[in-house]
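Geometric and topological summary
One-letter residues, chain by chain:
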Amino acid sequence: RHRHKEKWAATAPRIPSTRLALHHFDTSYSLQLGALWPSVRAGLLCEHKYGALLNNFAAADHVPQELELLNATDFVSEALQRAQQWQHGVAAGEAARGCQEGSGEGRTVMQGGMMTQAEMSPPLCASIISKIKCYTFPRGDITRFRPARPDALGLLDYYLMDAASLLPVLALNVQLDDFVLDLCAAPGGKTLALLQTGFCGHLAANDISISRTKRLYQILHSYVPREVRETVSVTSYDGRDWEQVKGGTFHKVLVDVPCTTDRHSAMEEDNNIFHKRRTKERQMLPMLQLQLLMAGILAAKPGGEVVYSTCSLSPLQNECVVERALEIAEAQFNINIHVEDLSHFRTLFQDTFLFFSDCRLGELVLPHLTANFGPMYFCKLRRM
């Protein structure tokens, strides 16, 4: 009668959030990635590589030479040069086809090479022609970049970030005087990259978190001169309600949603979404992501483009969210959405990143010990 039940909540050891995350990843990603998962897992658990996004607003002409002396290269311009070389090859193929007209032989020119003729369409080069410059060290080189330094006016010379985070910005393909919305902008790396294009007529940078928005303000003040900052409006709306604020007004929309942040979840206890107290929040992530993507689609003009991105490997947060958004857009809003083909990114950036070849929609960068960027999923949509 005097027995009492042991207080398990007080006495049982707490399982670290990182261990819970890894257990979840082992269960789900081993099925999704198969034989690739052990190497991806090792990459997640090791220090990831950074890229140095050059700040075009700073007086730092010496920085490219300094980085090149360290054997770093601008992966964006390298990809552009490769694209131009392949397009010259296609032009030569077209000339050869003229000589073979009627024989049917010219159709397979370039198909045995790196890219097919269909992939060598004019938008290929246009998709990466921008002022964005980002230096990375070669595969297997784990050299670290020095901290950023200010110029005479106090603007820092480069911004260190996961280089894969630039791919959604490059996919968005901002054109001159575009009105651009970054719906979930903080902490600000992709916002800064959008400004580096020099093409934004106006940039709306929004994030629901006021504390994270403060970090966004800090980045803008550290990297961007006042006259350019005046073209940026920073807000703290709930992104799900954006259509009620300014619907159908933007040429380009970036929807970089909150996610399980797989690398952080596997490595850091602080602010880990796999903490048991955040279970419900984690389970509701796909719904939140879907709502944000729908808000982004509704914020775009007809003919406008939306890029959806996460830093998760999870299909439930990636392709499944996009597929559901396509269904809702048509069924509830009578909006037809076209999914843009980004497969040329795989070829253009294959020397820098490891891509997963089996995405149903969009592209996925996998962490890997020799190219330890990502994870980064991105998918481009056009509102018809």
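On a predicted model such as this, the values are computed, not experimentally measured, just so you know.

Overview of the pairing of strand 9 (residues 300–310)
Counting buried positions along strand 9 yields eight of 11 residues, so the element is predominantly enclosed. Strand direction decides the pairing type here: strand 8 (residues 250–256) and strand 9, joined by six bridges, are parallel. Paired with V255 across the two strands is Y308, which belongs to strand 9. With six bridges joining them, strand 9 and strand 13 (residues 376–383) adopt antiparallel strand pairing. For T310, the partnering residue across the bridge sits in strand 13 and is Y377.

A few points about the packing of aromatic side chains
Across all of its chains, the model carries 14 aromatic pairs by this definition. Geometrically, the ring pair formed by F25 and Y29 is stacked, given 5.0 Å between the ring centres and 15° between the ring planes. In this pair, F25 and Y29 are both assigned in helix 2 (residues 17–33), four residues apart and thus about one turn of the helix distant. Here F25 and Y29 have matching classes, each one buried. Measuring from ring centre to ring centre gives 6.4 Å for Y308 and Y377, while their planes differ by 70°; the resulting arrangement is edge-to-face. Taken together, the residues span a long stretch of sequence, with Y308 in strand 9 and Y377 in strand 13 at a distance of 69 residues. For Y377, a relative accessible area of 0% gives the class buried. Three or more aromatic residues joined by ring pairs make a cluster, and in this case those are F75, F345, F349, F353, F355, F373 and F378.

Remarks on the sheet that holds strand 1 (residues 51–54)
Pairing is antiparallel in the open sheet, where four strands are placed in the order 2-3-1-4. Of all strands in the sheet, those bounded by a partner on one side alone are strand 2 (73–74) and strand 4 (158–161).

Topic: the confidence of the model for the chain
Per-chain confidence: the chain averages 89 in pLDDT, with 86% of residues scoring 70 or above. This stretch, residues 117–122, has a pLDDT under 50; its non-local contacts, to residues over four places away or in other chains, come to 13 contacts.

Focus on unusual backbone geometry
Note the cis peptide between A186 and P187, where omega equals 10°. By secondary structure assignment, the location of P187 is in the loop between strand 5 (178–182) and helix 8 (189–196). The omega angle of the peptide bond from G374 to P375 is 5°, so this bond is cis rather than trans. Mapped onto the fold, P375 is located in the loop between strand 12 (363–366) and strand 13. Despite not being glycine, D177 shows a phi value in the positive range, around 70°.

Considering the environment of M384
For M384, the location among the structural elements is in the segment after strand 13. By relative accessible area, which is 52% here, M384 ends up exposed. The spacing of M384 and N336 is 48 residues in sequence and 5.5 Å in space, taken between C-alpha atoms. Among all residues touching M384, those that are not within four sequence positions of it are P302, G303, N336 and H338.

Rules used throughout
Each residue is numbered by its place in its chain's sequence as written, counting from 1. Totals for whole chains, interfaces and linings use all residues, but because this is a predicted model, local features are given only for residues with pLDDT of at least 70 and pairs of side-chain atoms are given and counted only at 80 or more. The side-chain numbers reported here are obtained from all heavy atoms of the structure, hydrogens and water having been left aside. When a residue's accessible area, from a 1.4 Å probe over protein chains only, is under 20% of the maximum for its type it is buried; when over 50% it is exposed; and in between it is partly exposed. A helix here means a DSSP run of H or I that spans at least four residues, while a strand means a run of E at least two residues long, and both kinds are numbered starting from the N terminus. When DSSP finds two or more bridges between a pair of strands, those strands are recorded as paired. Pairs were defined over the aromatic rings of Phe, Tyr and Trp, the Trp ring being its six-membered one, requiring ring centres within 6.5 Å. Orientation was assigned from the angle between planes: stacked under 30 degrees, edge-to-face over 60, tilted for the rest. In predicted models, pLDDT denotes the confidence assigned by the predictor to each residue on a 0 to 100 scale. Residue contacts are counted whenever heavy atoms from the two residues lie within 4.5 Å of one another.

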